[in-house]
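A closer look at the structure
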Amino acid sequence: GAGVSQTPSNKVTEKGKYVELRCDPISGHTALYWYRQSLGQGPEFLIYFQGTGAADDSGLPNDRFFAVRPEGSVSTLKIQRTERGDSAVYLCASSLHQNTEAFFGQGTRLTVV
Amino acid sequence: GEDVEQSLFLSVREGDSSVINCTYTDSSSTYLYWYKQEPGAGLQLLTYIFSNMDMKQDQRLTVLLNKKDKHLSLRIADTQTGDSAIYFCAGSGIQGAQKLVFGQGTRLTINP
């Protein structure tokens, strides 16, 4: 597609449930990033993929968060045992190479009730 | 690690210039960026400056970088209602552009 696509655009889940958030990067982009944006804050880095491998996952807040990119294209962010504090907009971005401009998707708004 | 700070709000009259300021802590930042976020939309890269530059101009946008004071500013000339948005300053740490550290964002409001 023309840009970074994230699905779903909105997700409401109950506390304790498991969720998956999907990111389709721009075709041909090797680098993919996940950020989390809480209300009134700037985005915070979660994880960065170069190809299929997670090059830097230092931003993942705890072991309930996990992300994969098995074929070096689509990525899925997985959150287990969701908590109300996980409510935020999850942003995905991709770039052609690791040090080129990153293009952001519109995000998935996750609400944990 | 890197810390980036911005004032939260700015209000200007239509047609005036807007100046949005940002300070950062990591002097080894390679690139410094300005992003725009409109309601319900993703982040849009406006412009960036490489750390060995002190000024960059792109149409109505002027970026000034003072490395000594670790201060970055974005000037928008002839501000229009369509410029209403939240503006984020972001820096890349020693790992490079893949790990951006964002400020809290400055909400720019345009008064008629």
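First, a word on what this report is: a plain description of the structure on this page. (Residues numbered from 1 in each chain as written. Chains lettered and ligands numbered in written order. Predicted model: local features only at pLDDT ≥ 70, side-chain atom pairs only at ≥ 80, totals over all residues. Heavy atoms only, no water.)

Below, the discussion takes up the sheet that holds strand S7 (residues 61–66) of chain B. Residues and elements named next belong to chain B. Taken together, five strands build an open sheet; the order of strands is S1-S3-S8-S7-S6 and the sheet is antiparallel. Of all the strands in the sheet, the pair left with one neighbour each is strand S1 (4–6) and strand S6 (55–58). Taking the axes of each pair of neighbouring strands and ignoring which way they run, one obtains an average angle of 15° across the sheet. Pairing geometry for strand S3 (residues 18–24) and strand S8 (residues 71–76), over six bridges, is antiparallel. If you follow Cys-22 over to S8, its bridge partner there is Leu-72. (Pairing = 2+ DSSP bridges. Helix = DSSP H or I, 4+ residues; strand = E, 2+ residues; numbered from the N terminus. Axes fitted to C-alpha atoms, helices over the stretch in contact; angles between N-to-C directions.)

In this section: unusual backbone geometry. Look at the link from Thr-7 of chain A to Pro-8 of chain A: it is a cis peptide, with omega at -10°. Structurally, the position occupied by Pro-8 of chain A is in the loop between strand S1 (5–7) and strand S2 (10–13). One non-glycine residue, Arg-81 of chain A, lies in positive phi territory at about 45°. By secondary structure assignment, the location of Arg-81 of chain A is in the loop between strand S8 (75–79) and strand S9 (88–95). Arg-81 of chain A sits in the partly exposed class, given a relative accessible area of 47%. A positive phi is found at Asp-78 of chain B, a non-glycine position, where the angle reads about 50°. Looking at the secondary structure, you find Asp-78 of chain B in the loop between S8 and strand S9 (85–92). (Buried < 20%, exposed > 50% of the residue type's maximum accessible area, 1.4 Å probe, protein only.)

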